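Listed below are the residues making up each chain.
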Amino acid sequence: MTGTMKRTYGSKGGAAARRRTLRAAALLGAAALALSACGSTKDDAAGAGGGGAGDGKGKVGVILPLLTSPFWQSYNDYVPKMAKSEGVDALKTVNSNSDPSQQITDINNQLNQGVKGLVVAPLDSAAIAAGLDQAERKGVPVVAVDVAPEKGKVAMVVRANNVAYGEKACEYLGGQVKSGKVVQIMGDLASVNGRERSEAFRTCVKQKFPKLKVLEIPAKWESDAAASKLDTLLNANPDIKGIYMQAGGVYLAPTLQTLKSKGMLKKAGEKGHIAIVSNDGIPQEFDAIRKGQIDATVSQPADAYAKYGMYYIKAAMQGKTFKPGPTDHDSEIVKLPSGILEDQLPAPLVTKDNVDDPKLWGNTVK
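All values derive from a computational prediction rather than experimental measurement.

**Some points on the confidence of the model for the protein**
Move 1: Predicted confidence across the protein gives a mean pLDDT of 88, with 85% of residues reaching 70 or more.
Move 2: This model gives residues 1-38 a pLDDT under 50, and the stretch forms 18 contacts once residues within four places in sequence are excluded.
Move 3: Across residues 42-52, where pLDDT falls below 50, the model places 42 contacts with residues more than four positions away in sequence or in other chains.

Here it is as structure tokens:
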């Protein structure tokens, strides 16, 4: 409760009245706690969703990290569709163009427009705190998509398990390459996603596939950096046997082009084929799997990111809260070390065996 409430008591019976008021307040507090929601998205109640109880109405700002990746282009296309299906009045999306400082400016601009909720895909896990603080001061709830902030208040993080991304990539490459050098083209290590994928892959290889040697390329989600650094690395290490790309949306095209330019792009099954596993699940990766250019990818659910981003921001605007536990959409809400809740959506491994599955979002977009 904000503000203070004054009441004048007479000299007679004042203490008793104050005791009754305190008891009533305590009962109300206990009732509110008892109504906290469970992990299931069907279970909810009024509480501290970000802006207090409300009707869930009002404009919602949606801020993208970038639009140079097919993954984020697909997410961008899903946003208005999912907003409509979830009954959210979403404004036209804003693109922060891979600039963390611009993203903070974008958040402030949206807040100045009077939005009642924000759905943000953070570029930098630490820097985003400045924008989250601004939103909290204005009483505007925020849902983070794809990247978990290191600090700051959000109603929910909608994200797949990024540790599992690195582990799945490791398990797959380890099954294809028995010994030798493999490369991981890393994301931005200022992002928790880049850090978790990198460390999970590195640790898994060390523990389960000690005959593999991991070479690393820090590419910061930048296609040009990936291409130039991979070219240099291949010049010094022409015996590379495997590649893990942490983001197919930005790394697929430059990786394939670099390999092709060096005569190293061999189809799966051919002598000299370099096993490649990726992350994202975009249509271009699926086509590359069908052609034998790459072997696998982990499908990051762009459609579900948009759907549950809209779901949770509406819930937050209504003052609803959630607790750790399984949900009704095959995911699990977990509490991060920061205390923030995260709905970890499923992200399946896609290979030639299931690449044509019509349930994969990458097969439903043009």
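From this point, things continue past the structure.
**Focus: the side chain of Asp-343**
Move 1: As for its position among the elements, Asp-343 is in strand E14 (residues 341-345).
Move 2: Buried charge without a partner: Asp-343 forms no salt bridge, and the closest opposite charge is Lys-307, 11 Å away.
Move 3: A polar atom in the side chain of Asp-343 sits 2.7 Å from the side chain of Tyr-312.
Move 4: Residues contacting Asp-343, with those up to four places away along its chain left out, are Met-156, Val-157, Val-158, Arg-159, Tyr-312, Thr-327, His-329, Ser-331, Glu-332 and Ile-333.

**Quick look at the pairing of strand E10 (residues 275-280)**
Move 1: Of all six residues that make up E10, six are buried, and the element is covered over most of its length.
Move 2: Neither face of E10 is left uncovered, since the one carrying Ala-275, Val-277 and Asn-279 and the one carrying Ile-276, Ser-278 and Asp-280 both have all their residues buried.
Move 3: Where strand E9 (residues 240-245) and E10 come together, three bridges link them in parallel fashion. Residue Gly-242 lies in a different strand from E10, and its bridge partner there is Ala-275.

**Some words on the packing of aromatic side chains**
Move 1: Applying the stated criterion across every chain, the model contains 10 aromatic pairs.
Move 2: Seen in terms of ring centroids, Phe-71 and Trp-72 are 5.1 Å apart; in terms of plane orientation they differ by 85°. Their pairing is edge-to-face. Per residue, the accessibility class of Phe-71 equals that of Trp-72, and both read buried.
Move 3: When the ring of Trp-72 is compared with that of Tyr-75, the centres are 5.2 Å apart and the planes differ by 80°; the resulting orientation is edge-to-face. Of the two residues, Trp-72 and Tyr-75 both sit in helix H2 (residues 70-86), three residues apart, roughly one turn of that helix.

Reading guide: rules and limits
- Residues numbered from 1 in each chain as written.
- Predicted model: local features only at pLDDT ≥ 70, side-chain atom pairs only at ≥ 80, totals over all residues.
- Heavy atoms only, no water.
- pLDDT = per-residue confidence, 0-100.
- Contact = heavy atoms within 4.5 Å.
- Helix = DSSP H or I, 4+ residues; strand = E, 2+ residues; numbered from the N terminus.
- Buried < 20%, exposed > 50% of the residue type's maximum accessible area, 1.4 Å probe, protein only.
- Lys, Arg positive; Asp, Glu negative; His and termini not counted.
- Salt bridge = Lys/Arg side-chain N within 4 Å of Asp/Glu carboxyl O.
- Polar contact = N/O pair within 3.5 Å; in protein donor to acceptor, adjacent residues only side chain to side chain.
- Pairing = 2+ DSSP bridges.
- Phe/Tyr/Trp six-rings, centres within 6.5 Å; stacked < 30°, edge-to-face > 60°.

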